[in-house]
Amino acid sequence: HHPGVCRYTQNVVLEPLTPGARDIDGIAELSFRSETDLRERFYDSDAGKQVIRADVREFIDVPRGWRLLGREIRLRGPLGA
């Protein structure tokens, strides 16, 4: 249902490291090759959008959640290269 996604990563929170840290159990990263893919190819169709939104409501507290738009900047190549 997400034709523009080129990488999907789940980061599971093992434990908070600072007092008062947000109460979250994981962070999902959806990566796109371009901003156009994000804006125009996030969903494959209106039906696909509804399927995903219904699924998300089963395991994410959407009103309490937060979303960020970021850009990856590589500081060096793979280790050992």
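What counts, and where the lines are drawn
- Residues numbered from 1 in each chain as written.
- Predicted model: local features only at pLDDT ≥ 70, side-chain atom pairs only at ≥ 80, totals over all residues.
- Heavy atoms only, no water.
- Salt bridge = Lys/Arg side-chain N within 4 Å of Asp/Glu carboxyl O.
- Helix = DSSP H or I, 4+ residues; strand = E, 2+ residues; numbered from the N terminus.
- 1 Å grid on protein atoms, 1.4 Å probe; cavity = no way out; pocket = protein on both sides within 12 Å on 5 of 7 lines; lining within 4 Å.
- Points joined across faces, edges and corners; volume = space filled by probe spheres on them.
- Phe/Tyr/Trp six-rings, centres within 6.5 Å; stacked < 30°, edge-to-face > 60°.
- Contact = heavy atoms within 4.5 Å.

Enquirer: Is there a simple way to explain the pattern of salt bridges in this structure?
Expert: Between side chains of opposite charge, pairing is possible as soon as their charged atoms come close. With the rule as written, the count across this model stands at four salt bridges. A salt bridge links Arg39 to Glu35; its shortest N-O distance comes to 2.9 Å. Of the two residues, Arg39 and Glu35 both sit in helix α1 (residues 35–40), four residues apart, roughly one turn of that helix. Here Arg74 and Glu72 are joined by a salt bridge, their closest N and O atoms 3.2 Å apart. Linked through salt bridges whose partners overlap, the residues forming this network are Arg7, Glu72 and Arg74.

Enquirer: Would you mind showing me how to read the layout of surface pockets here?
Expert: The gaps left among the atoms become clear once a water-sized probe is rolled over them. By volume, the largest pocket amounts to about 2200 Å³. Along the wall of the largest pocket there are 43 residues; nearest its centre are Ala28, Glu29, Leu30, Trp66 and Arg67. Every element with two or more residues in the lining of the largest pocket is listed here: β1 (5–12), β2 (26–32), α1 and α2 (46–59).

Enquirer: Help me understand the packing of aromatic side chains in this model?
Expert: Aromatic ring pairs are defined here through the distance separating the ring centres and the angle between the ring planes. Evaluation of the coordinates by the stated rule reveals two aromatic pairs. With a centroid separation of 4.7 Å and 80° between ring planes, the pair formed by Phe42 and Tyr43 is classed as edge-to-face. Three or more aromatic residues joined by ring pairs make a cluster, and in this case those are Phe32, Phe42 and Tyr43.

Enquirer: Sorry if this is basic, but what is going on with the environment of Val5 here?
Expert: Note on placement: Val5 falls in strand β1. Each C-alpha atom of the pair Val5 and Ser34 lies 9.6 Å from the other, and the pair is 29 residues apart in sequence. Apart from residues lying up to four places away in sequence, Val5 is in contact with Leu30, Ser31 and Phe32.

Everything listed is a geometric property; what it means functionally is a separate question.
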